[in-house]
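Chain residues, written in single-letter form:
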Amino acid sequence: MSIESKIHELREELRRHNYNYYVLDKPEIDDYTFDQKLKELQRLEEAHPEYYDASSPTLRVGGEITKNFETVRHEYRMYSLDNSYSQEDLEDWEKRIKKLIDGKVEYVCELKYDGASISLTYEEGKLVRAVTRGDGVQGDDVTNNVKTIRSIPLQLKGDYPEKFDIRGEIILPLAGFAAMNAARVEAGEEPYSNPRNTASGSLKLQDSAEVSNRPLDCLLYSIKGENLKFKTQYEGLEKARSWGFKVPEVAQVTASTAETLKFLEYWDEHRHDLPYETDGVVIKVNDLQQQEELGYTAKAPRWAMAYKFKTEQAETLLEKITYQVGRTGAITPVANLTPVQLAGTIVKRASLHNADQIAKLDVREGDRVYVEKGGEIIPKIVGVDFEKRDPQSEPTVYITNCPECDTPLVREEGEAQHYCPNEMGCPPQIIGRIQHFISRKAMDIEGLGGETVALLVNAGLIQNYADLYELKKEQILPLERMAEKSADNLIKGIEASKAVPFERVLFALGIRYVGETVARKLAKEFKTIDALVEAGEERLVGVDEIGGRIAESVVGFFAEALNQELINRLKTYGLQLELDASVLENQTEKLKGLTFVISGVFEKISRSDLKKTIEDNGGKAAGSISSKTNYLVAGDNMGPSKREKAEKLGVTIISEDEFLAMV
Ligand code: AMP
Ligand code: ZN
């Protein structure tokens, strides 16, 4: 088989597996086999850039950077929806329709997905553009980011129209959202407040590789175009599904408002069983001809109506406010409630976030409180029933000392959270830091779990993560539930962690605000721990995407004598505190301060290698041309609009050979 057919075949196969996994949720092969095939395709594509395809499954991993999102005008305006809240509202709407339309009217009921709206443009079966709703007339071009969302087909199948727009909602399913937040809490960062804002924020990230790591999904609900071969909204949904889009199956045709109400009732009750959030139902006139007759008001179609569910609330007794101490010393007040049924689960605890929140709600122990469940991991208190308050009750006084170690708490300017500053002596901080150090995304120490860490600390065997490397088998054997074999495994796991690469060690150290991504950036920029220790705030802030808050935290961490000692010890034990030499060898500063845009197909070097070469030599690879671009590296088949834009902005256009000569 020729290389070209092999590449085509692999792309086809990977597309099918992607579809099975992300759209149908029915994988046919395991993740490992999928990764192997993807790697093989990547290898072939890199060796044969002449077969470049903007719809290749290899592009799902992202890498394109967008500095400024271009404004794009929607070919078909993106309208808002009118809202209804009751049966009467819906009956009024039906009456208005009946006045304008003769004959029978059917409706389609769909769930209203709660995310960020998106308009996708397909030409000849390929995704060419993804634009946010913006003001409805024009939005932002977020194509690079949207391409990383696995359930959005880059290449369609079946009898799709030559050109059309399809609308949908980009959402963050609840499980993925919870996992993202767990990772943030782990890194000492504030969790995101809800899935909807996080989904829409994700679309505007500059680095598409970061978007690719977020478990985003896209549910589609409307097709716009000329000469479409279907006559109803419902058929349109079925068509879209057949072309490879993810279209939820729950949509239902109804003949009247009476029937629609049954759908509403059912989903009001069952919406909490869905893997994502909905805030209501959208009811649409099914017949497209009738839709056209009804037309639009200034803001919304007359043929569609949103019905909003009431947010579920429960009232219960706030028995006691307790305070939790996190790994970074952050204090979180928690409301302990008389258990109450809410949105399908029993709620016993709710977050009170911080002292300001308690003051704002004026919430007190013994109050009857209203609890709501949004996308958050734990529910929140939204108000107090003041009429039921005991007249003797006193305002809540926030604790002044750590509930675990009694150290006076501090609260820095501009921070909402109180902290226990006793980093080295506060038990949950000591244990939490070591648990973070050994966690999967950090040192990933096999044979050692969070509970064992607590046992080791409480037995006085370790006080910090460096102590792990001095543990002896004889010391741990007497511990509860520790057998010969598990002790061996633990020691082996600790030994093996010495090979974990620098960026993960840096993350494992548990510096506040240094999550996985920041750790990777810092490792790449400074290359050794010594260089990072030496770097002052100014130098740190100079690094892309490192702000003052992170810089201050990094400098503060290394300024602590105790942390210096820990790091020196980790060095002696042989942990990786520098980037791997093979990575370093190819790096220079030759392109420092220069921004490049790559366009077209290249002969001698693949696009991804080209990009890597730019970055390894200190340059920046941007996704689109702007006044900040220094060079446009032009390959074959570069679009004329890019050349035009580069010429207009005075960007130097160079060939692949000229680029290679620079490095
Ligand atoms: P609103 O933003 O409250 O005016 O509601 C309109 C938005 O609801 C649209 O822009 C869509 O993004 C979103 N939406 C969610 N699900 C659907 C659906 N099934 N049909 C139409 N719009 C939907
Ligand atoms: Zn404490």
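The model shown is predicted, which means the values in this text are computed figures rather than measured ones.

Asks: Please explain the overall build of the chain as it appears in this structure.
Replies: A tally of helices and strands in the chain yields 25 helices and 20 strands. Along the first, second and third principal axes, the C-alpha atoms of the chain reach 85 × 80 × 50 Å. The burial tally for the chain puts 49% of its 663 residues in the buried class. In the chain, the share of contacts with a sequence separation of at least 24, taken over all contacts with a separation of at least 6, comes to 68%. As presented, the chain carries roughly 32700 Å² of accessible surface, and 48% of it is formed by carbon and sulfur atoms. Between the mean site of the 86 positive side-chain charges and the mean site of the 111 negative ones, the chain shows a separation of 2 Å.

Asks: Is there a simple way to explain the packing of helix H12 (residues 427-438) against helix H13 (residues 450-458) in this structure?
Replies: Helix packing geometry: the angle between the two helix axes and the distance between the axes. With their axes 9 Å apart at the nearest point, H12 and H13 run at an angle of 135° to one another. As far as their axial angle goes, H13 and H12 are oblique. Read as a crossing pair, H12 and H13 show a hand that is right-handed. Seen from H12, the contacting residues are Ile 430, Ile 431, Ile 434, Gln 435 and Ile 438; seen from H13, they are Gly 450, Glu 451, Val 453, Ala 454, Val 457 and Asn 458.

Asks: Sorry if this is basic, but what is going on with the pairing of strand S4 (residues 116-123) here?
Replies: Where a strand is regular, its side chains alternate between the two sheet faces. Of all eight residues making up S4, seven are buried, and the element is well covered by its neighbours. One ladder, built from eight bridges, connects S4 with strand S7 (residues 163-171); its direction is antiparallel. Note on S7: the bridge partner recorded for Tyr 122 is Phe 164. For S4 and strand S5 (residues 126-132), the ladder comprises six bridges, and the chain directions are antiparallel. Residue pairing in the sheet places Ile 118 in a bridge with Thr 132 of S5. With antiparallel pairing between neighbouring strands as the criterion, S4 and S5 make up a hairpin whose turn holds two residues, including Glu 124 at a positive phi of roughly 45°.

Asks: Even after reading the chapter, I still don't get the sheet that holds S5, so can you show me in this structure?
Replies: Two orientations exist for strands paired in a sheet by backbone hydrogen bonds: parallel and antiparallel. Spatially, S5-S4-S7-S8 is the arrangement adopted by the four strands of the open sheet, whose pairing is antiparallel. Edge positions in the sheet fall to S5 and strand S8 (217-224), since each has one partner strand and no second. Pairs of neighbouring strands in the sheet enclose a mean axial angle of 30°, with direction left out of account. Note: S7 against S8, seven bridges, orientation antiparallel.

Asks: I keep staring at the site of ligand 1 and nothing clicks. Help me out?
Replies: For ligand 1, the set of nearby residues contains 14 residues, the closest of which are Ser 80, Arg 133, Glu 169, Tyr 221 and Lys 284. Between Ser 80 and ligand 1, the recorded distance is 2.4 Å, taken from a side-chain N or O atom to an oxygen atom. Interatomic distance of 3.3 Å between a backbone N/O atom of Leu 81 and an oxygen atom of ligand 1. Taking 500 Å² as the accessible area of ligand 1 by itself, protein coverage stands at 87%.

Asks: How do you make sense of the environment of His 17 when you look at a structure like this?
Replies: Relative to the helices and strands, His 17 is located in helix H1 (residues 3-23). For His 17, a relative accessible area of 6% gives the class buried. Along the backbone, His 17 and Phe 659 are 642 residues apart, and their C-alpha atoms lie at a distance of 37 Å. Apart from residues no more than four positions distant in its own chain, His 17 is found in contact with Glu 28, Ile 29 and Phe 34.

Asks: Looking at this model, I keep getting lost on the domain arrangement of the chain. Mind explaining?
Replies: One frequently used descriptor of interface size is the decrease in accessible area upon assembly of the parts. The domains assigned to the chain are domain 1 (3-59), domain 2 (71-308), domain 3 (311-388), domain 4 (427-499), domain 5 (502-585) and domain 6 (595-662). Taken over C-alpha atoms, the centre of domain 1 sits 28 Å from the centre of domain 2. Taken together, the contact between domain 1 and domain 2 spans nine residues of the former and 11 residues of the latter. Of the roughly 910 Å² buried between domain 1 and domain 2, counting both surfaces, carbon and sulfur atoms make up 56%.

Asks: Would you explain the sheet that holds strand S20 (residues 652-654) in this entry?
Replies: Here four strands make up an open sheet; going across it, the order is S18-S17-S19-S20 and the pairing parallel. In this open sheet, the two strands that pair with only one neighbour each are strand S18 (620-622) and S20. Pairs of neighbouring strands in the sheet enclose a mean axial angle of 35°, with direction left out of account. Looking at chain direction, strand S17 (residues 595-599) and S18 are connected through three bridges and run parallel. In the strand pairing of S18, Phe 596 is matched with Ala 621. Strand contacts of helix H23 (residues 607-616): S17, S18 and strand S19 (631-634), with the helix running at about 175° to S17, the strand carrying the most contacts.

Asks: How do you make sense of the coordination of the zinc ion (ligand 2) when you look at a structure like this?
Replies: Think of it this way: four donors in a tetrahedron around the metal ideally sit 109.5 degrees apart, and six in an octahedron ideally sit 90 or 180 degrees apart. In the first shell of the zinc ion (ligand 2), the protein supplies Cys 402 (SG), Cys 405 (SG), Cys 420 (SG) and Cys 426 (SG), at 2.2 to 2.4 Å from the metal. Coordination geometry of the zinc ion (ligand 2): the four donor atoms subtend angles of 100 to 114° at the metal centre, consistent with an arrangement described as tetrahedral. Counting the intervening residues between successive donors of the zinc ion (ligand 2) yields the motif C-x2-C-x14-C-x5-C. Linking Cys 402 in the loop between strand S16 (380-384) and H12 with Cys 420 in the loop between S16 and H12, this pair joins segments that are 18 residues apart in sequence. Both residues of the pair, Cys 402 and Cys 420, count as buried.

Asks: So what exactly am I meant to see when it comes to the side chain of Arg 271 here?
Replies: Take Arg 271: it is sitting in the loop between helix H9 (257-270) and strand S10 (278-285). Separated by 3.0 Å, the side chain of Arg 271 and the backbone oxygen of Lys 310 make a polar contact. For Arg 271, the residues in contact, after removing those within four places along its chain, are Tyr 276, Thr 278, Phe 309, Lys 310 and Glu 312.

Asks: Would you take a moment to explain the environment of Lys 592 for this structure?
Replies: When you line up the elements, Lys 592 lands in the loop between helix H22 (581-585) and S17. Taking C-alpha positions, Lys 592 is 7.0 Å from Asn 617, a pair spaced 25 residues apart along the chain. Once you skip the residues sitting within four places of it in the chain, Lys 592 turns out to touch Asn 617, Gly 618 and Gly 619.

Asks: How do you make sense of unusual backbone geometry when you look at a structure like this?
Replies: Negative phi values dominate among residues other than glycine, just as trans dominates among peptide bonds. With a phi angle near 60°, Asp 25 is a residue other than glycine that sits in the positive phi range. Following the sequence through the fold, Asp 25 ends up in the loop between H1 and helix H2 (31-47). A relative accessible area of 62% places Asp 25 in the exposed class. With a phi close to 50°, Asn 227 is a non-glycine residue in the positive phi region.

Cut-off values and rules
- The numbering scheme is per chain: residues are counted from 1 as the chain's sequence reads.
- All chains are assigned letters beginning with A, and all ligands numbers beginning with 1, in the order in which they are written.
- Under the rules for a predicted model, residues below a pLDDT of 70 receive no local features and side-chain atom pairs below 80 are neither given nor counted, while totals for whole chains, interfaces and linings still include all residues.
- With hydrogens and water excluded, all non-hydrogen atoms of the structure serve as input to the side-chain values.
- The way it works is that DSSP assigns letters per residue, a run of H or I at least four long becomes a helix, a run of E at least two long becomes a strand, and they are numbered from the N terminus.
- Per-residue accessibility, obtained with a 1.4 Å probe over protein chains only, is compared with the maximum for each type, and a residue is labelled buried under 20%, exposed over 50%, and partly exposed between these values.
- Residue contacts are counted whenever heavy atoms from the two residues lie within 4.5 Å of one another.
- In short, Shrake-Rupley with a 1.4 Å probe defines the accessible areas, and a residue's cover is counted only from the protein chains shown.
- Residues scored as positive are Lys and Arg, those scored as negative are Asp and Glu, and His as well as the terminal groups of each chain are ignored.
- By convention, charge coordinates are those of NZ in Lys, CZ in Arg, CG in Asp, or CD in Glu.
- To get an axis, a line is fitted to the C-alpha atoms, and for a helix only the part in contact is used. The angle between two axes follows their N-to-C directions and goes from 0 to 180 degrees.
- Roughly parallel here means an angle under 35 degrees, roughly antiparallel means over 145, roughly perpendicular means 65 to 115, and every remaining angle is called oblique.
- For any pair of crossing helices, the crossing counts as left-handed if the nearer helix is rotated counterclockwise from the farther one by less than a right angle, and right-handed if it is rotated clockwise.
- Only strands that DSSP links by at least two bridges are regarded as paired with each other.
- A single heavy atom is enough: if one lies within 4 Å of a molecule or strand, its residue is considered near that molecule or strand.
- Any pair of N or O atoms that falls within 3.5 Å is considered a polar contact. Within protein, one atom must be able to donate a hydrogen and the other to accept it, and sequence-neighbouring residues count only if both atoms are side-chain atoms.
- These domain limits were set by an automatic method or by a database of domain assignments.
- When two parts are put together, the accessible area they lose, computed with a 1.4 Å probe and summed over both, is reported as buried area.
- With water excluded from the atoms, a metal site may look incomplete; its donors are any N, O or S atoms within 2.8 Å, or within 3.2 Å for Na, K and Ca.
- Geometry is assigned from the angles between donors: four donors with all angles from 85 to 135 degrees make a tetrahedral site, four or six donors whose opposite pairs exceed 155 degrees while the rest stay between 65 and 115 make square planar or octahedral sites respectively, and everything else is labelled irregular.

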